[in-house]
Amino acid sequence: MAWTDLAGAPGAAYLLEGELMPCFAGGRRDDDPFDSARLRFAANLMVRTCSHLKLKGPFAIQPSREGNRLLIQCAVTEEPDFARLAEVAGGSEIEASLWRGRRHFQLDEACHDALLAIAGPPDGRGAGRRARAAAREAEEQSRYRWGRD
């Protein structure tokens, strides 16, 4: 489901917010705190987790940068789905404000392992093909450049 559909009516949905910790997905303290690749990886991990849990109702995932924090927001419409995700992700209930319920958790190595156990590894079937195509394109382009002697 589109994020705007659920976020536009927060009274009809529950929100889980996962904050990416520096150690998430092999990150290090000296890594870029606004690393888009890790944020994308976390969003894909949450989508796969929701799909493999076979949630009863619709869900939406949205990566977010709030202040100095990287967040993955997951909205679900069904209370049992919210409870199942909360059990897997951990964390704690926080002020729901406009949402039916709201939970905050930390995406650290332990949470990553728990989500990965459900979601499974990412589908990399196209990654090698895309890399080979990009290499062929770069090689083709290099043929048209003048070499320096």
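For the structure itself, look to the data block above.
Heads up: these notes are all about the structure in this document.

Analysis parameters
Residues numbered from 1 in each chain as written. Predicted model: local features only at pLDDT ≥ 70, side-chain atom pairs only at ≥ 80, totals over all residues. Heavy atoms only, no water. Pairing = 2+ DSSP bridges. Helix = DSSP H or I, 4+ residues; strand = E, 2+ residues; numbered from the N terminus. Contact = heavy atoms within 4.5 Å. Axes fitted to C-alpha atoms, helices over the stretch in contact; angles between N-to-C directions. Buried < 20%, exposed > 50% of the residue type's maximum accessible area, 1.4 Å probe, protein only. Polar contact = N/O pair within 3.5 Å; in protein donor to acceptor, adjacent residues only side chain to side chain. Parallel < 35°, antiparallel > 145°, perpendicular 65-115°, else oblique. Left-handed = near helix turned anticlockwise from the far one by under 90°. Nonpolar A, V, L, I, M, F, W, Y, C, P; charged D, E, K, R; others polar. Salt bridge = Lys/Arg side-chain N within 4 Å of Asp/Glu carboxyl O. Phe/Tyr/Trp six-rings, centres within 6.5 Å; stacked < 30°, edge-to-face > 60°.

## Thoughts on the sheet that holds strand S5 (residues 101-107)
Here is step 1 of the chain: Spatially, 5 strands are ordered S2-S3-S1-S5-S4 in an open sheet, and the strand pairing comes out mixed. The outermost strands of the open sheet, each flanked by one partner alone, are strand S2 (59-66) and strand S4 (92-93).
Here is step 2 of the chain: Note: S2 against strand S3 (residues 69-76), 8 bridges, orientation antiparallel. Bridge pairing links Pro 63 to Ile 72 in S3.
Here is step 3 of the chain: Strand contacts of helix H3 (residues 79-89): strand S1 (14-20), S3, S4 and S5, with the helix running at about 20° to S1, the strand carrying the most contacts.

## Details of the pairing of S5
Here is step 1 of the chain: Buried residues dominate S5, accounting for 6 of its 7 residues.
Here is step 2 of the chain: Here S1 pairs with S5 via 7 bridges, running parallel. Opposite Glu 19, over in S5, you have Gln 106 as the bridge partner.
Here is step 3 of the chain: Direction of pairing for S4 relative to S5: antiparallel, over a ladder of 2 bridges. Each residue of the ladder has a partner; that of Ser 92, found in S5, is His 104.

## Thoughts on the side chain of His 104
Here is step 1 of the chain: Mapped onto the fold, His 104 is located in strand S5.
Here is step 2 of the chain: Reaching out from His 104, the side chain makes a polar contact with the side chain of Glu 19 at a distance of 3.3 Å.
Here is step 3 of the chain: Those residues in contact with His 104, other than ones at most four positions away along the chain, are Glu 17, Glu 19, Arg 69, Gly 90, Gly 91, Ser 92 and Ile 94.

## With respect to the packing of helix H2 (residues 36-52) against helix H4 (residues 109-119)
Here is step 1 of the chain: Packing of H2 against H4 leaves a shortest axis separation of 8 Å and a crossing angle of 50°. Relative to H4, the element H2 is oriented oblique. Judged by the twist between their axes, the crossing of H2 over H4 is left-handed. Residues Phe 41, Leu 45, Met 46, Arg 48, Thr 49 and His 52 of H2 form the contact with H4, whose own contacting residues are His 112, Leu 115, Leu 116, Ile 118 and Ala 119.
Here is step 2 of the chain: Of the residues that constitute the contact of H2 with H4, the class distribution is 7 nonpolar, 3 polar and 1 charged.

## Re the pattern of salt bridges
Here is step 1 of the chain: Per the counting criterion, the structure on display carries 4 salt bridges.
Here is step 2 of the chain: Note that Arg 69 is salt-bridged to Glu 19, the shortest N-O span being 3.6 Å. Of this pair, Arg 69 sits in strand S3 while Glu 19 sits in strand S1, placing them 50 residues apart in sequence.
Here is step 3 of the chain: Relative accessible area serves as the criterion here: at 29%, Arg 69 is assigned to the partly exposed category.
Here is step 4 of the chain: A relative accessible area of 15% means that Glu 19 is categorised as buried.
Here is step 5 of the chain: A cluster of three or more residues bridged by salt bridges with shared partners is formed by Glu 19, Glu 66 and Arg 69.

## Some remarks on the packing of aromatic side chains
Here is step 1 of the chain: One pass over the full model with this rule turns up 2 aromatic pairs.
Here is step 2 of the chain: Where Trp 3 meets Trp 99, the ring centres are 6.4 Å apart and the plane angle is 40°; that geometry is what we call tilted. A residue pair is termed long-range when its members are at least 10 positions apart, and Trp 3 in helix H1 (residues 3-7) and Trp 99 in the loop between S4 and S5 qualify at 96 residues.
Here is step 3 of the chain: Taking the relative accessible area as the measure of exposure, Trp 99 reaches 14% and is therefore buried.

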